[in-house]
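# Chains, contacts and geometry: an overview
Single-letter residue listing:
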Amino acid sequence: MPTNNIQTNKERFCDILRKTGRENIDYIIEDLESWGFFDAPASSQGHHAFPGGLLEHSLNVYDVAMSVRDTVIRMRPDLENELKPDSIAIAALLHDVCKSDFYQLVKKKRRNEIGIYEDVEAYEIHDENFPVGHGEKSVIQLLQSGLDLTDDEIYAIRWHMGPWNLNRDDERFYRQASKQTSLQTLIHTADTLASGIIERPVKKM
């Protein structure tokens, strides 16, 4: 269920990031602010397509990832050091920074319940600002902003969408990267669960 309390979510988001102890994290937060991250939607008309939706989605991915981590470690204690909480925080909270300037609010005509066209606000995708792809854009932005990412975090952020719709080389690179770190699969799984289940609209009875 969307809470859409941007200020509360922002405070929690920044608190989790700061607790990672990463160098330059306050500069990263300043850049997120300037990019419009905290007010952006998570999609144009799918999951969390409302102001602050991207922020809430990122927290959902973090919460799911940490829950999945607990389950995985109970079953595979040897993976505890590979799934470090600070790396999960970095990868989960920052996997979609590429969407900060991705959606633009516009007026559109849409039929209402009785068939009459009316003006409604809707989001349109605008990817012309930095057209380098999805996950790779997040990685590049974070590195340019001064965040020192580990290889595992780069893999997790770059490939968080999973192996869908990839060309042959990208699919090969995805699978090679997934053999290097469990973090990549964890973040992809958490992103899928958050957007596909947690953020799914409640069915009207």
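Residues numbered from 1 in each chain as written. Predicted model: local features only at pLDDT ≥ 70, side-chain atom pairs only at ≥ 80, totals over all residues. Heavy atoms only, no water.

## What about the environment of Cys98?
Heads up, the condition is: Runs of H or I in DSSP of at least four residues are treated as helices and runs of E of at least two as strands, each being numbered from the N terminus. Relative accessible area decides the class of each residue, using a 1.4 Å probe on protein chains only: under 20% of the type maximum gives buried, over 50% gives exposed, and in between gives partly exposed. The contact criterion used is simple: two residues touch if any of their non-hydrogen atoms lie within 4.5 Å.
Tracing the chain through its elements places Cys98 in the loop between helix H4 (85-94) and strand S1 (103-111). Residue Cys98 is classed as buried on the basis of its relative accessible area, which comes to 2%. Considering only alpha carbons, one finds Cys98 and Gly133, 35 residues apart in sequence, at a separation of 8.8 Å. Once you skip the residues sitting within four places of it in the chain, Cys98 turns out to touch His134, Lys137, Ser138 and Gln141.

## Focus on unusual backbone geometry
Leaving glycine aside, a negative phi is the common case for residues, and trans is the common case for peptide bonds. With phi around 70 degrees, Asn24 is a residue other than glycine that occupies positive phi space. A relative accessible area of 29% means that Asn24 is categorised as partly exposed.

## Topic: the state of the cysteines
To keep it simple, the criterion reads: Two cysteine sulfur atoms form a disulfide, by the criterion used here, when they sit within 2.5 Å.
Considering all chains together, one arrives at zero disulfides under this definition. Cys14 takes part in no disulfide bond, and the closest cysteine sulfur to it belongs to Cys98, at a distance of 18 Å. Overall, Cys14 belongs to the buried group, its relative accessible area being 6%.

## Some details on helix H8 (residues 182-198)
Since the α-helix turns once every 3.6 residues, residues separated by three or four places project in the same direction. How we decide: Helix span, expected: 1.5 Å multiplied by one less than the number of residues in the helix. Whenever a nitrogen or oxygen atom comes within 3.5 Å of another N or O atom, the pair is scored as a polar contact, on the condition that within protein one atom can donate a hydrogen and the other can accept it, and that pairs from neighbouring residues in sequence are kept only if both atoms are in side chains.
The terminal C-alpha atoms of H8 lie 22 Å apart, and with 17 residues this matches the ideal 24 Å at 1.5 Å per residue to within 8%. Taken residue by residue, H8 has Leu183, Gln184, Leu186, Ile187, His188, Ala190, Asp191 and Ala194 as its buried positions. The secondary structure elements touched by the buried residues of H8 are helix H3 (53-75), H4, helix H6 (151-158) and helix H7 (168-180). In this structure Thr181 caps H8, since a side-chain oxygen of it lies 3.0 Å from the backbone nitrogen of Leu183.

## Some details on the nonpolar core
Going by this rule: Among buried residues, the Ala, Val, Leu, Ile, Met, Phe, Trp, Tyr and Cys ones that are joined through side-chain atoms within 4.5 Å form a nonpolar core.
Ranked by internal contacts, the top residues of the largest apolar core, which has 40 residues, are Phe13, Leu17, Leu32 and Leu94. For this core, the secondary structure elements donating two or more residues are helix H1 (6-18), helix H2 (25-35), H3, H4, helix H5 (135-145), H6 and H8. Broken down by element, the residue count for this core peaks at eight residues, all from H3. Leu17 has contacts with Ile25, Ile29, Leu32, Ala89, Ile90, Leu93 and Leu94, leaving out every residue within four places of it along the chain.

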